[in-house]
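Chain by chain, the residues run as shown.
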Amino acid sequence: MNKKLINAIGAVMIAGFAGAASAATYSWSFTSTATSHEYVTPGYASQVYEYRSMTYQNGVGQSVKIQGLANTGSNGAIETAYLTYQGSSGLGMTSKDSTWNNEVDDSGQATYPDHAMDNEGAMEGMLFSFGSELNLSLVDIGWATSDSDITVYAYTGASVADINSTVFGKTFSTLTGWTKIGDFTGNSDPRVTTNGTYSRYWLVTPGSSSDYKDYIKLAGVTATTKPTTPPPAVPEPASLALIGTALAGMIAVRRRKAA
């Protein structure tokens, strides 16, 4: 059998039947008011609108729910912190005062720069819940001062009915089912969070608590779907014709050799 013809037929069949893997990328902006929110009253700052959660929808109708948290509980336990809308800078945060800093002043205003998500006194963070498994690839930092290191976690554990049960009441060192994706340092914006993990749930905090001067407001995120390979396509008539021509040629070659 003619080896060149076999290779040609194989190439045609691969081209005709194989489909390319594809993935979609989506972005959410937090520089406008949320699509929906859970308002808190009273919160920590009486002169500031604070939210237990905020949900943003992008241009194609996909939603992400965001919740604030901080390890201000007993023995460093994670408890609820409140999100604040900071206009074109994105989302900031208020949490319970610590011995190191005051999140709110006596007049009920959030203090500067602690009105951002920060790691001074306590480690604050934002929990992102998407509608499907995505890869968090970019974090858009709308405002920062001093430093803007971030740490990213993804939930990779068993399926749970309520993701909050894996976070609230825990400490950052005893989170179960969560994988630390990495520390992404520096002052680049947007911050690229290169990784190969896909999850519905992501957690973003300032950088290491040993470097407690990261103050950040988040203006948006970008995430990518899992690559999917479409089912084998039905070969087009032209591909079938080419396969037929190659087969006919191979038969003719064999007949000549036999003669």
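**Here's the deal with unusual backbone geometry**
A negative phi holds for most residues other than glycine; trans holds for most peptide bonds. Note that the residue after threonine 41, namely proline 42, is joined by a cis bond; omega there is -5°. Relative to the assigned elements, proline 42 resides in the loop between strand S2 (36-40) and strand S3 (50-57). For the bond running from aspartate 189 to proline 190, omega is 0°, close enough to zero to count as cis. With respect to the secondary-structure elements, proline 190 resides in the loop between strand S10 (178-184) and strand S11 (191-192). With a phi angle near 55°, asparagine 75 is a residue other than glycine that sits in the positive phi range. Within the secondary structure layout, asparagine 75 lies in the loop between strand S4 (63-70) and strand S5 (79-85).

**Some points on the confidence of the model for the protein chain**
The share of residues in the protein chain with pLDDT of 70 or more is 76%, and the mean pLDDT across the chain is 83. With pLDDT under 50 throughout, residues 8-17 is counted as low confidence; its partners more than four residues away or in other chains account for 14 contacts.

**With respect to the packing of aromatic side chains**
A ring pair, where both rings are aromatic, is described by two values, the distance of the centres and the angle of the planes. Scanning the model with the defined rule gives 8 aromatic pairs in all. Their ring planes at 20° and their centres at 6.2 Å tell us that phenylalanine 30 and phenylalanine 128 sit as a pair that is stacked. Highlighted residues: phenylalanine 30 in the loop between strand S1 (25-29) and S2 and phenylalanine 128 in strand S8 (residues 124-146), separated in sequence by 98 residues. This pair shows no difference in class: phenylalanine 30 is buried, exactly as phenylalanine 128 is. Note on tyrosine 155 and tyrosine 201: the rings are 6.3 Å apart at their centroids and 75° apart in plane angle, and the pair reads as edge-to-face. Of this pair, tyrosine 155 sits in strand S9 (residues 150-155) while tyrosine 201 sits in strand S12 (residues 199-206); the two residues are 46 residues apart in sequence, bridging distant segments of the chain. No difference in accessibility class separates tyrosine 155 from tyrosine 201, as the two residues are buried. Ring-pair connections join several aromatic residues into one group, and the members of that group are Phe30, Tyr56 and Phe128. A cation sits over an aromatic face here: lysine 217 above tryptophan 143, 4.5 Å from the ring centre.

**Some words on the pattern of salt bridges**
For the structure shown, the criterion picks out 5 salt bridges. A salt bridge links glutamate 38 to arginine 52; the nearest nitrogen and oxygen atoms lie 3.4 Å apart. Of this pair, glutamate 38 sits in strand S2 while arginine 52 is found in strand S3, placing the two residues 14 residues apart along the sequence. Owing to a relative accessible area of 38%, glutamate 38 belongs among the partly exposed residues under this scheme. Judged by relative accessible area, arginine 52 falls into the partly exposed class, the value being 32%. Put simply, lysine 96 and glutamate 79 hold a salt bridge, and the shortest N to O gap is 3.0 Å. Of this pair, lysine 96 sits in the loop between strand S6 (91-94) and strand S7 (117-118) while glutamate 79 sits in strand S5, and the two are 17 residues apart along the sequence. In this structure lysine 96 comes out as partly exposed when scored by relative accessible area, which is 35%. Relative accessible area serves as the criterion here: at 21%, glutamate 79 is assigned to the partly exposed category.

**As for the pairing of S12**
With 7 of 8 residues buried, S12 is to be regarded as a mostly interior element. Relative to S12, S8 runs antiparallel, the two being bridged by 5 bridges. Across the sheet, residue methionine 126 finds its bridge partner in S12, namely valine 204. Where S9 meets S12, 5 bridges bridge the pair, whose relative direction is antiparallel. Among the inter-strand pairings, threonine 151 is bridged to a residue of S12, identified as threonine 205.

**So, the side chain of threonine 222**
Looking at the element boundaries, threonine 222 is found in strand S13 (residues 214-225). If near-sequence neighbours (up to four positions away) are discounted, threonine 222 is found in contact with Thr25, Tyr26, Ser27, Asn135, Leu136, Ser137 and Leu138.

**Focus on the environment of glycine 108**
Looking at the secondary structure, you find glycine 108 in the loop between S6 and S7. Residues glycine 108 and tyrosine 44, 64 residues apart in the sequence, show an inter-C-alpha distance of 7.7 Å.

Analysis parameters
Residues numbered from 1 in each chain as written. Predicted model: local features only at pLDDT ≥ 70, side-chain atom pairs only at ≥ 80, totals over all residues. Heavy atoms only, no water. Helix = DSSP H or I, 4+ residues; strand = E, 2+ residues; numbered from the N terminus. pLDDT = per-residue confidence, 0-100. Contact = heavy atoms within 4.5 Å. Phe/Tyr/Trp six-rings, centres within 6.5 Å; stacked < 30°, edge-to-face > 60°. Buried < 20%, exposed > 50% of the residue type's maximum accessible area, 1.4 Å probe, protein only. Lys NZ or Arg CZ within 6 Å of the ring centre and 35° of its normal. Salt bridge = Lys/Arg side-chain N within 4 Å of Asp/Glu carboxyl O. Pairing = 2+ DSSP bridges.

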